[in-house]
Structures are given as C-alpha cells and as structure tokens.
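Chain and residue survey
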Amino acid sequence: MMRRALSRGVGCRGATLKPRYNVCRYSSTSATTSNSNVEGFSSEHVSASVLVGKILSQNTKLGQVQTQRPSDSLYDCARNMINKNIGSAIVTGENNTVLGIVTERDYLKVTLDKGNTRDIKLKEIMTPVERISFVEKTDNLQKCMEIMSTKRVRHLPVLEQGQLCGILSIKDVLDAVVESDKKQMEAMSNFVQKWIQNRQQVASSAATTPESTPSATPTPKTVHQIPTDAKLH
C-alpha cells in the first residue's frame, strides 16, 4: 500500500546585531501538529517555544548584569560575584561597550597558576568580546542549548538592539526547560483525558441509538373477488 509522506515544517530564526559582536547563528527544525481542540497543547518541543525575553521577564535578577572595568583587579571582581551570588561579570568600557567577560573559572585558573589575584587586572585574563557568544531576547532556549553545547560555554550575555540587557547561565536555561516541560506534560495529560472522554461519549451514543429493523407484519395482498351474479360464458 502506498503511503503519502508528511512534510515537516522547518523554522529559521535570526536577528540583526552589530557586527562587532560574535553572535552564533543556528537554524532549528521542529515538527508541529495541529491540536486546536486542546488548549495549551503543542507538539512543538518546549525549548523552541520559550524565548529568552520571557525568561528575563520572569526573573528580574537575570537582567541585573554585574559590570566591571578593565582596570579592576580580579580579586575585587571575585568579591563582587560572591556578594551577589553570581558566576560571571561583564567587562565594559566607555558607553558601556562590552569588552569581555570574566567567570569563576578564570579566577580558579589564576589562583592555581599565580596565587595572588589582587595584582591581576581583568583586562589581562578576561575572554575578549570577539570570542563571546551572544543571544538576543527573541532567540529561544533551543538556540541557547546548542550554543552552550557547541561552544562549551556556561554564560550567554543577552542583547537587545545591540545593547546588553541581561545574562543567562546554564542553570537558568536548564531551570527554564524543566519548568516548560512540566507545563507541556500537564497539557499532554489534559489532551489524552479529553480524547478518552470524547471516545467514550461517541461509543455511548452509538450504543443507545436504535437501529432501523424491517417490519414483522407482512404487507397484505390485494384479493380480487368475483361477483356471485356474474354469468359464466
């Protein structure tokens, strides 16, 4: 038997940023199925439906980026990160231009190699802006996970119209995926329950509907009687 192939939709998302930033580009492929009868359910994977901007709006802390100057010491930067319970800081110049990023891993490397972090300036050990991977508020979680996995990074600065507006860590991304998966599972459970209820209603209606049966009383035949006074020839 011949079967028709179902075409899968391919979605591409892109954004325009300033050329000075090294913004990674990825195209995501997802299959979608129409489930208009069930509110809240979608066959599209949750990582492709949750945007970075939504995560930032749900957690205002992610929009409060710790910034440092290139001349600041690594010790002071680490002290600020500890006080704010964060794992990275953005190094900025004039007009808040992004110059680089410093993470707790950089601090550990310097501590193991040199021991003294008070005399180390951030401009000496920071990851330069040319090697930083950025995302935009209009990007989705799937793109964030792909960048983190491919580039082996744990922090993604977020841009809006070329300006720094937040930063995501790998923990923030995982938390968002887990929360979205819970909502998707609830929607899937509701979808299955409604589908079962609809099938039961259809089966119940079919069982109570009377079927049309042929009449048991035969149709009487017409009998032609001969008059008694009729003459036979």
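Shown above is the structure to which this text applies.
Residues numbered from 1 in each chain as written. Predicted model: local features only at pLDDT ≥ 70, side-chain atom pairs only at ≥ 80, totals over all residues. Heavy atoms only, no water.

What follows concerns the overall build of the protein chain. Regarding its fold elements, the protein chain presents seven helices and nine strands. Here the protein chain holds 233 residues, and the buried ones make up 33% of them. Sequence separation of at least 24 residues holds for 59% of the intrachain contacts in the protein chain that already meet a minimum separation of 6. With an accessible surface of roughly 16,700 Å², the protein chain has 51% of that area assigned to carbon and sulfur atoms. (Helix = DSSP H or I, 4+ residues; strand = E, 2+ residues; numbered from the N terminus. Buried < 20%, exposed > 50% of the residue type's maximum accessible area, 1.4 Å probe, protein only. Contact = heavy atoms within 4.5 Å. Areas by Shrake-Rupley, 256 points an atom, 1.4 Å probe, with all protein chains shown as cover.)

If the charged atoms of two oppositely charged side chains come close together, the side chains can form a pair. Tallied over the full model, the rule gives four salt bridges. Ionic pairing is found between K137 and E160, a salt bridge with its closest N-O pair at 3.6 Å. Taken together, the positions of K137 in the loop between β7 (135-136) and α6 (141-151) and E160 in strand β8 (residues 155-160) put the pair 23 residues apart, joining distant regions of the chain. Classification of K137 as partly exposed rests on a relative accessible area of 28%. With relative accessibility at 39%, the residue E160 sits in the partly exposed group. (Salt bridge = Lys/Arg side-chain N within 4 Å of Asp/Glu carboxyl O.)

Another aspect to go through is α6. For α6, the full list of buried residues reads L141, Q142, K143, C144, I147 and M148. With a side-chain oxygen lying 3.3 Å from the backbone nitrogen of Q142, the N-terminal cap of α6 falls on N140. Where α6 terminates, the next one or two residues include R152, which has phi positive at roughly 55 degrees. (Polar contact = N/O pair within 3.5 Å; in protein donor to acceptor, adjacent residues only side chain to side chain.)

Structural measurements only, silent on function.
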